[in-house]
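Spelled out from the first residue to the last, the chains are:
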Amino acid sequence: MTNEKATVFKNLLLSRPYITGVGARDALEAKMIGRAGFDFVWASGFCVSASYGLPDASILSMKHFVEEARAMNEAVTIPILFDGDTGYGNAVNVIYLTRILEEAGIAAMCLEDKRFPKDTSLLAGGRQELLDPTEFAGKIKAAKDTQKNEDFTVVARTEALIAGMGQEEAIKRATLYAEAGADCIFIHSKSKAPDEIIEFVNSWKSPVPLVLVPTSYPDLTEDKIEALGKVKVIIYANQVLRAAVKASQEVLAEIKRSKGVKKVEDTIASLDEIFDLQDIKQMKENERKYT
Ligand code: SPV
Ligand code: MG
């Protein structure tokens, strides 16, 4: 077991000005993300939870999320950055999580400094309780000490700004996590204006690169983020899920309204497109060759 994709991800991180990934809820979405030319798939806790019609609040189990990520990883050639939420417990849980992720060939993992069970970050009035920073640093250290491939990337995410604890606390936590061995620091914000993220990035003096998820502050496009100079990973976390939900609702309403599928036929993906995403050509070739 060499976890080659961990090395692919680390090399991308080291060689590019920045890399971009997109959030997926399942293997099919992961495949579309790979084909669209993105560098990696974000196995999103929010999107996987939503795919079960459940809140992103530590309801599904560790194994459940890992199995979804494994299916994504098997479906694509690009690496997976696994959203490990809180690590589903303490540092002991993180040690097991790190082991099974690497065994599944997952390239990278992100852990956030919320208390288990977590609540989702962008919910207005969400329950944002943070773990003691030293305790969280222990989780990061546990992951780094456990990984077998030295290139396996561990991202430490601080929710200090999400919890309204201010810049000083965010920098203090991020610094501690970088010292504990994190390969990247993910700073999250629910502010509609990018100001608090820009302030954090400008105050960040460590060489450990930053990760941004510009869901709440979409005005911060790649050129502007690159110009900030310290961000190496950009994640578009949930736009594919939201696009699918909108399109599905529209088509359902039209079928119901027009009492048939004639009206929607030209507005949806063709069956050939779905066959292609299922790699039907490869299967047919195998049939010809071996059956
Ligand atoms: C996710 O996609 O699961 C994330 C990003 O962690 S967010 O939902 O903004 O917290
Ligand atoms: Mg998440």
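So, here's what we can say about the structure. (Residues numbered from 1 in each chain as written. Chains lettered and ligands numbered in written order. Predicted model: local features only at pLDDT ≥ 70, side-chain atom pairs only at ≥ 80, totals over all residues. Heavy atoms only, no water.)

**Some words on the site of ligand 1**
Trp42, Ser44, Gly45, Phe46, Asp83, Ser121, Leu122, Arg157, His188 and Ala237 make up every residue found near ligand 1. Ser44 places a polar side-chain atom, nitrogen or oxygen, 2.7 Å from an oxygen atom of ligand 1. Between ligand 1 and the protein, one listed contact pairs an oxygen atom with a backbone N or O atom of Gly45 at 3.2 Å. Protein chains bury 99% of the 280 Å² of accessible surface belonging to ligand 1 in isolation. Within the shell around ligand 1, the residues separate by chemical class into four nonpolar, four polar and two charged. (Near = heavy atom within 4 Å. Polar contact = N/O pair within 3.5 Å; in protein donor to acceptor, adjacent residues only side chain to side chain. Areas by Shrake-Rupley, 256 points an atom, 1.4 Å probe, with all protein chains shown as cover. Nonpolar A, V, L, I, M, F, W, Y, C, P; charged D, E, K, R; others polar.)

**Some remarks on the nonpolar core**
By size, the foremost hydrophobic cluster in this structure holds 60 residues, and its most contacted members are Phe82, Leu97 and Ile185. Take this core: its biggest share by element is five residues, from helix 4 (residues 62-75). Setting aside anything within four residues of it in sequence, one finds Leu97 in contact with Met62, Val66, Phe82, Gly87, Tyr88, Met109 and Leu111. Core analysis: the second largest hydrophobic core is formed by 18 residues, Leu13, Ile19, Leu81 and Val155 among them. (Core = buried A, V, L, I, M, F, W, Y, C linked by side-chain atoms within 4.5 Å. Buried < 20%, exposed > 50% of the residue type's maximum accessible area, 1.4 Å probe, protein only. Helix = DSSP H or I, 4+ residues; strand = E, 2+ residues; numbered from the N terminus. Contact = heavy atoms within 4.5 Å.)

**Here we look at the packing of helix 6 (residues 133-146) against helix 7 (residues 167-179)**
Viewed as axis vectors pointing N to C, helix 6 and helix 7 meet at an angle of 30 degrees, and their least axial separation amounts to 9 Å. The angle between the axes of helix 6 and helix 7 places the two elements in the roughly parallel class. Viewed along their axes, helix 6 and helix 7 form a crossing whose handedness is right-handed. Facing Pro133, Thr134, Phe136, Ala137 and Ile140 of helix 6, the residues of helix 7 in contact are Arg173, Leu176 and Tyr177. (Axes fitted to C-alpha atoms, helices over the stretch in contact; angles between N-to-C directions. Parallel < 35°, antiparallel > 145°, perpendicular 65-115°, else oblique. Left-handed = near helix turned anticlockwise from the far one by under 90°.)

So yeah, pure geometry; function would need other evidence.
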